Amino acid sequence: MCTTCGCGNGQTHINDKPMSAPPRPDQPMHFRSPAHPRDIDTIDSGIGIAGTHAPGMSRARMVRIERDILTQNNQWAQRNRNYFSAHGIFALNLVSSPGSGKTTLLVDTIVRLRDRLPITVIEGDQQTDHDAARIRATGVPALQINTGKGCHLDAHMIDRALQQLTLQHDSLLFIENVGNLVCPSAFDLGEAHKVVILSVTEGEDKPLKYPDMFHAADLMLLNKCDLLPYLNFDVDLAIEYAYRVHPGLPVIRLSATQGSGMQAWCDWIMANRHPMKSRSTLG
Amino acid sequence: MHELSLAEHLLHIIEDAAQQQRFSRVKAVWLEIGELACVEPASLRFYFDVVTRDSIAHQAALHIIDIPGQAHCSACGKHCAISSYHAMCPHCSCSGTGLTVTQGEAMRIKELEVE
């Protein structure tokens, strides 16, 4: 068990039901057709380790492997990406520290875009379905993944969530990752883009302190800008730090509560949502 | 903090290899860890020991090969060694904005000693 953050096995739940151990990503997929509505709510995730024991040789020998440690996650991510691509689903993975205003941002984004295209949300938190409930209050379907002690969403959890969701063609999928600026950067979920949210109530040097996340993101949203008159936050310095770890990273300054910059963010979504263009035009 | 997950992925790969190449015990594992990879080697070692208990890799030695970070500068056309994403190009005045990482982001399982 993790002595740092308490990560552990067997505690992931989707809409309050335990999530089973993952099959191999090369097994057949059973995605729900995007035409059959179904009640959805929350996933809890815990990945067990399949114990294998092959009868073998008694003599020591060397075996070349040459595989990325995240091969399995990346295979699941590619399956998710293929699914999104086949159905014209624009998936965004929202990452940030806890308290940056992700859910508030999401709620306001949904209100602005819900009449223009179908939207679905996957929420990731260690515990509770509070965020999913806030999303559902906007009239948009939301599925809650509770990672238990886990500190990030992985591609297999998203695969399981997709089996329970009814995603429509040519729609938007927001994945709100667990609030954590470290671990989610390493796990591809199959999204078109990672969008990192930094709020001005945090330090300007977050991009330097947590470079992996800002390097992995394709867009940075600088949130809570309405509070700038009351803070010593240096916007230009924050953006300069972000450029140091990710030269040319697009940045949108906004306030999810007051509305400034929200139109630019919505415009970015609408301009980049074509799945064929999304990975080639940015990042 | 995600090193537990990485250690589990590592064990999955080892178990897959065990089924395919028919071995029943792993004595040593060689991993290549890039200098820029999102992993803390000491933490990975700790979790490797935890997740391999009662597995075919129980008490296997974990050898980590450090792969240095490298980048190419589009401003001056030269290659340079980097140890972070906010490194500066040592050859020109691009302030790091021209750098593209060419090596040091991967975490790869290289080979196993098995029996």
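Relevant structure appears above.
Residues numbered from 1 in each chain as written. Chains lettered and ligands numbered in written order. Predicted model: local features only at pLDDT ≥ 70, side-chain atom pairs only at ≥ 80, totals over all residues. Heavy atoms only, no water.

Engineer: Explain helix H2 (residues 41-51) of chain B to me, and be specific about the residues and the numbers.
Structural biologist: Residues and elements named next belong to chain B. For H2, the full list of buried residues reads Ser43, Leu44, Tyr47, Phe48 and Val51. Down the axis of H2, the buried side of the element spans an arc of 140 degrees, and every buried residue falls inside it. In this structure, the buried residues of H2 make contact with helix H1 (3-21), strand S1 (26-34) and strand S2 (61-67). (Buried < 20%, exposed > 50% of the residue type's maximum accessible area, 1.4 Å probe, protein only. Helix = DSSP H or I, 4+ residues; strand = E, 2+ residues; numbered from the N terminus. Arc of directions from axis to C-beta. Contact = heavy atoms within 4.5 Å.)

Engineer: Kindly report on the sheet that holds strand S6 (residues 107-114) of chain B, identifying the contributing residues and their values.
Structural biologist: Read from one edge to the other, the open sheet built from four strands follows the order S4(A)-S6(B)-S1(B)-S2(B), with strand pairing classed as mixed. At either end of the open sheet lies a strand with only one pairing partner, and these are strand S4 (61-68) of chain A together with S2 of chain B. Neighbour-to-neighbour, the strand axes of the sheet open up by a mean angle of 20 degrees, direction not taken into account. Sheet topology note: the S4 of chain A/S6 of chain B ladder contains six bridges and is antiparallel. From the neighbouring strand, Arg64 of chain A faces S6 of chain B, where its bridge partner is Glu111 of chain B. (Pairing = 2+ DSSP bridges. Axes fitted to C-alpha atoms, helices over the stretch in contact; angles between N-to-C directions.)

Engineer: Pulling in residues and values, what's your account of the packing of helix H2 (residues 102-113) of chain A against helix H8 (residues 262-272) of chain A?
Structural biologist: Residue and element names in this part refer to chain A. At a minimum axis distance of 11 Å, the contact between H2 and H8 shows a crossing angle of 70 degrees. By the criterion of interaxial angle, the relationship of H2 to H8 is roughly perpendicular. With respect to the hand of their crossing, H2 and H8 are arranged in right-handed fashion. Note on element contacts: H8 touches H2 through Met262, Gln263, Trp265, Cys266, Ile269 and Met270, opposite Leu105, Asp108, Thr109, Arg112 and Leu113. (Parallel < 35°, antiparallel > 145°, perpendicular 65-115°, else oblique. Left-handed = near helix turned anticlockwise from the far one by under 90°.)

Engineer: Please give an account of the sheet that holds strand S3 (residues 70-73) of chain B that cites residues and values.
Structural biologist: All names here are of chain B. On the basis of which strands lie adjacent, the open sheet formed by three strands has the order S4-S3-S5 and antiparallel pairing. The open sheet is flanked by strand S4 (79-81) and strand S5 (99-103), the only strands paired with a single partner. For this sheet, the mean inter-axis angle between neighbouring strands, taken without regard to orientation, is 35 degrees. By the bridge criterion, four bridges tie S3 to S5 in an arrangement that is antiparallel. Residue pairing for S5: Gln70 is matched across the bridge by Gln103.

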